[in-house]
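Spelled out from the first residue to the last, the chains are:
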Amino acid sequence: SQTIHQWPATLVQPVGSPLSLECTVEGTSNPNLYWYRQAAGRGLQLLFYSVGIGQISSEVPQNLSASRPQDRQFILSSKKLLLSDSGFYLCAWSVGGVGAFFGQGTRLTVV
Amino acid sequence: SQELEQSPQSLIVQEGKNLTINCTSSKTLYGLYWYKQKYGEGLIFLMMLQKGGEEKSHEKITAKLDEKKQQSSLHITASQPSHAGIYLCGADMGSNYKLTFGKGTLLTVNP
């Protein structure tokens, strides 16, 4: 069966520090991979999606970037965090369709 | 304006009562997905609807997609405290690879 791993679960980082969140999927090949951010009262915002290795589409201009170095690995990064980057980040995957299955999320607090 | 409207924003019910959550789109939906989320955790996939008039049930939760494929409802029968959480609808609006989400409905079930 397919599983998705996302880590860390919580992270507190100072403003201006770098960020790296990792997500891996097991039990499937060539998944579509997604990074979402969830802010209180604003629902889920799609940040990036990838349909293959090295293929990244960005949905909103921001201080973040994404990379997909391997088929089932998706990384969310920032060179210098801003206070506004705080939020709940969710990784998701899908195969053969648009529906997505989500990881457990990372609570990022930038201080 | 929000492409996907979810109502109500929050709902408090007494255990044993029935309830309905609605998700309305301004565009035709190619697919509608319902998720449940506990605070601080990832989204749990509940059901997917694709055909107009389609209805699916799992235990005490029933989801329907109207014939025009612009509105979906999630109905919980005889609610229990275990049903408490945030319910989100996600829609495939034909944009390829991604879902648009409503802002969620916070459900509280009082014992």
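Since the structure is predicted, the reported quantities are computational estimates derived from the model, not experimental observations.

A.B. asks: Residue-level account of the overall build of chain B, with values.
C.D. replies: If you tally the helices and strands in chain B, you get 0 helices and 11 strands. Going from the N terminus to the C terminus, chain B shows its helices and strands as β-β-β-β-β-β-β-β-β-β-β. Taken against the 2.2 N^0.38 rule, which gives 13 Å for 111 residues, the C-alpha radius of gyration of chain B at 13 Å falls within 12% of a compact globule. If one aligns the C-alpha atoms of chain B with their principal axes, the spans along those axes are about 40 × 30 × 20 Å. Within chain B, contacts between residues at least 6 apart in sequence are counted, and of these 54% link residues at least 24 apart. Of the roughly 5600 Å² that chain B leaves accessible, carbon and sulfur atoms contribute 47%.

A.B. asks: Any details on the nonpolar core? Residues and values, ideally.
C.D. replies: Counting 22 residues, the largest nonpolar core has B:L4, B:L19, B:L29, B:L32, B:W34, B:L74 and B:L107 as the members making the most contacts within it. Breaking this core down by element, the ones donating at least two residues are strand 2 (10-14), strand 3 (19-25), strand 4 (31-37), strand 5 (43-49), strand 7 (61-65), strand 8 (71-76), strand 9 (85-92) and strand 11 (105-110) of chain B. Not counting residues within four places of it along the chain, the set of residues in contact with B:L29 comprises B:L4, B:L65, B:K69, B:Q70, B:A91, B:D92 and B:M93. Formed by 19 residues, the second largest nonpolar core is a distinct cluster that contains A:L33, A:F48, A:A66 and A:L76.

A.B. asks: Give me the lowdown on the interface of chain A and chain B, citing residues and values where you can.
C.D. replies: Opposite the 22 residues of chain A that make contact, chain B presents 17 residues. Of the roughly 1600 Å² buried at the junction of chain A and chain B (both faces included), carbon and sulfur atoms supply 59%. Connecting chain A to chain B are 1 salt bridge. Salt-bridge contacts for A:E59 lead to B:K98; the nearest nitrogen and oxygen are separated by 2.5 Å. Here chain A and chain B share 4 residue pairs in polar contact (both at pLDDT 80 or more) between them. Sorting elements by how many residues they give to the side of chain A that touches chain B places strand 5 (residues 43-52) of chain A first, with 5 residues. For the side of chain A that touches chain B, the residue count by class is 12 nonpolar, 7 polar and 3 charged.

A.B. asks: Any chance you could break down the pairing of strand 4 of chain B for me, citing the residues and the numbers?
C.D. replies: Residue and element names in this part refer to chain B. Within strand 4, 7 of the 7 residues are buried, leaving the element largely enclosed by the surrounding structure. One ladder, built from 7 bridges, connects strand 4 with strand 9; its direction is antiparallel. The residue bridging K36 from the neighbouring strand is Y87, located in strand 9. Taking the residues that link successive antiparallel strands as the turn, the strand 4-strand 5 hairpin has 5 residues, and the phi of G40 there is positive, at about 80 degrees.

Criteria and thresholds
- Residues numbered from 1 in each chain as written.
- Chains lettered and ligands numbered in written order.
- Predicted model: local features only at pLDDT ≥ 70, side-chain atom pairs only at ≥ 80, totals over all residues.
- Heavy atoms only, no water.
- Helix = DSSP H or I, 4+ residues; strand = E, 2+ residues; numbered from the N terminus.
- Rg over C-alpha atoms; globule rule 2.2 N^0.38 Å.
- Contact = heavy atoms within 4.5 Å.
- Areas by Shrake-Rupley, 256 points an atom, 1.4 Å probe, with all protein chains shown as cover.
- Core = buried A, V, L, I, M, F, W, Y, C linked by side-chain atoms within 4.5 Å.
- Buried < 20%, exposed > 50% of the residue type's maximum accessible area, 1.4 Å probe, protein only.
- Buried area = accessible area lost by both parts, 1.4 Å probe.
- Salt bridge = Lys/Arg side-chain N within 4 Å of Asp/Glu carboxyl O.
- Polar contact = N/O pair within 3.5 Å; in protein donor to acceptor, adjacent residues only side chain to side chain.
- Nonpolar A, V, L, I, M, F, W, Y, C, P; charged D, E, K, R; others polar.
- Pairing = 2+ DSSP bridges.

Purely spatial values, then, with no claim about function.
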